[in-house]
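# Structural overview for review
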Amino acid sequence: MRASVPPEPSRPADDITHHLGYLLKRAQAALRGAMDTVLREHGLTVPQYSTLELLALRPGMSNADLARATFVTRQSGNVVLRGLQEAGLITRPTTADHGRARPARLTDEGQARLAAVQAAVHAVEQRMIDALPARRVAALLTDLDQIATALEE
């Protein structure tokens, strides 16, 4: 039986534009730009859209949970929720039953706005998927998840 040989240590590319982190950031910036464009037509920002999607999936999430899940600070998350509430897209109780959490829920208007924008957002995602060979998409999703998990530990 042969002993396994450890892999060579990772060495950054000589050109920063070929580094993994740079390429991930470039892809993220391109995605954000494409999302901003389609969401603007529906009067939403990326954090607002993400919040609506999450509340459709998990009604009653708190500001803190939504902020973490949408990658914004709690303060920014509160601004997002206030804006969505003022637009009539979500509802939150005036006071908290216990603690400080005020669970948010989509209104009928919020559900309608989300439904109206989902096709445009899914088209952006499809543009990304179409740029790859179909056989590599599942592996890419797994790899991205593993990268995030490694950095979050």
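This write-up is about the structure you can find in this document. Fair warning: this is a prediction, and the values are worked out from it, not measured in the lab.

## A look at the overall build of the protein
Of regular secondary structure, the protein possesses 6 helices and 2 strands. Secondary structure elements of the protein occur, N-terminal to C-terminal, as α-α-α-α-β-β-α-α. Buried positions account for 23% of the 153 residues belonging to the protein. Put simply, of all contacts in the protein between residues at least 6 apart along the chain, 46% involve residues at least 24 apart.

## Regarding unusual backbone geometry
A negative phi angle characterises most non-glycine residues, just as the trans form characterises most peptide bonds. Positive phi values are uncommon outside glycine, yet Phe 71 reaches one of about 65°. Summarising the element assignment, Phe 71 is placed in the loop between helix 3 (63–69) and helix 4 (74–86). Look at Phe 71 and you get exposed, because its relative accessible area is 77%.

## Remarks on the pattern of salt bridges
Applying the stated criterion across every chain yields a total of 2 salt bridges. For Arg 32, the salt bridge goes to Asp 36, with nearest N and O atoms at 3.3 Å. Within this pair, Arg 32 and its partner Asp 36 are both found in helix 1 (residues 20–40), separated by 4 residues, close to a single helical turn. Its relative accessible area of 37% is what places Arg 32 among the partly exposed residues. Taking the relative accessible area as the measure of exposure, Asp 36 reaches 25% and is therefore partly exposed.

## Examining a nonpolar patch on the surface
A contiguous nonpolar patch, built from Leu 20, Leu 24, Leu 132, Leu 140 and Leu 144 and spanning about 380 Å² of accessible area, is present on the exposed surface. When contributions to the nonpolar patch are tallied by element, the ones reaching two or more residues are helix 1 and helix 6 (134–152). Classification of Leu 24 as partly exposed rests on a relative accessible area of 35%.

## Remarks on the packing of helix 2 (residues 46–57) against helix 4
Look at helix 2 against helix 4: their axes get within 10 Å of each other, and the N-to-C directions meet at 75°. Considering their axes alone, helix 2 and helix 4 lie roughly perpendicular with respect to each other. For the pair helix 2 and helix 4, contact is made by Pro 47, Gln 48, Thr 51 and Leu 52 and by Val 80, Leu 81 and Leu 84, respectively. When grouped by side-chain class, the residues that make up the contact of helix 2 with helix 4 number 5 nonpolar, 2 polar and no charged.

## Re the nonpolar core
One finds Leu 39, Leu 52 and Ile 90 to be the most contacted residues of the largest nonpolar core, which totals 23 residues. Of all the secondary structure elements, the ones that give two or more residues to this core are helix 1, helix 2, helix 4 and helix 5 (108–130). In terms of residue count, the dominant contributor to this core is helix 2 (5 residues). In contact with Leu 39, other than residues within four places in its own chain, are Leu 44, Thr 45, Val 46, Tyr 49, Val 117 and Val 121.

## A closer look at the side chain of Gln 48
In this structure, Gln 48 sits in helix 2. Given a relative accessible area of 15%, Gln 48 falls into the buried group. Look past the residues within four positions of Gln 48 in its chain and what remains in contact with it is Gly 43, Val 80 and Leu 84.

## Things to note about the environment of Leu 132
You can see Leu 132 is positioned in the loop between helix 5 and helix 6. Judged by its relative accessible area of 30%, Leu 132 is partly exposed. When sequence neighbours within four positions are dropped, the list of residues in contact with Leu 132 reads Val 137 and Leu 140.

Definitions and limits used
Residues numbered from 1 in each chain as written. Predicted model: local features only at pLDDT ≥ 70, side-chain atom pairs only at ≥ 80, totals over all residues. Heavy atoms only, no water. Helix = DSSP H or I, 4+ residues; strand = E, 2+ residues; numbered from the N terminus. Buried < 20%, exposed > 50% of the residue type's maximum accessible area, 1.4 Å probe, protein only. Contact = heavy atoms within 4.5 Å. Salt bridge = Lys/Arg side-chain N within 4 Å of Asp/Glu carboxyl O. Patch = residues over 30% accessible without salt bridge, like charges linked within 9 Å, V, L, I, M, F, W, Y side chains within 5 Å. Areas by Shrake-Rupley, 256 points an atom, 1.4 Å probe, with all protein chains shown as cover. Axes fitted to C-alpha atoms, helices over the stretch in contact; angles between N-to-C directions. Parallel < 35°, antiparallel > 145°, perpendicular 65-115°, else oblique. Nonpolar A, V, L, I, M, F, W, Y, C, P; charged D, E, K, R; others polar. Core = buried A, V, L, I, M, F, W, Y, C linked by side-chain atoms within 4.5 Å.

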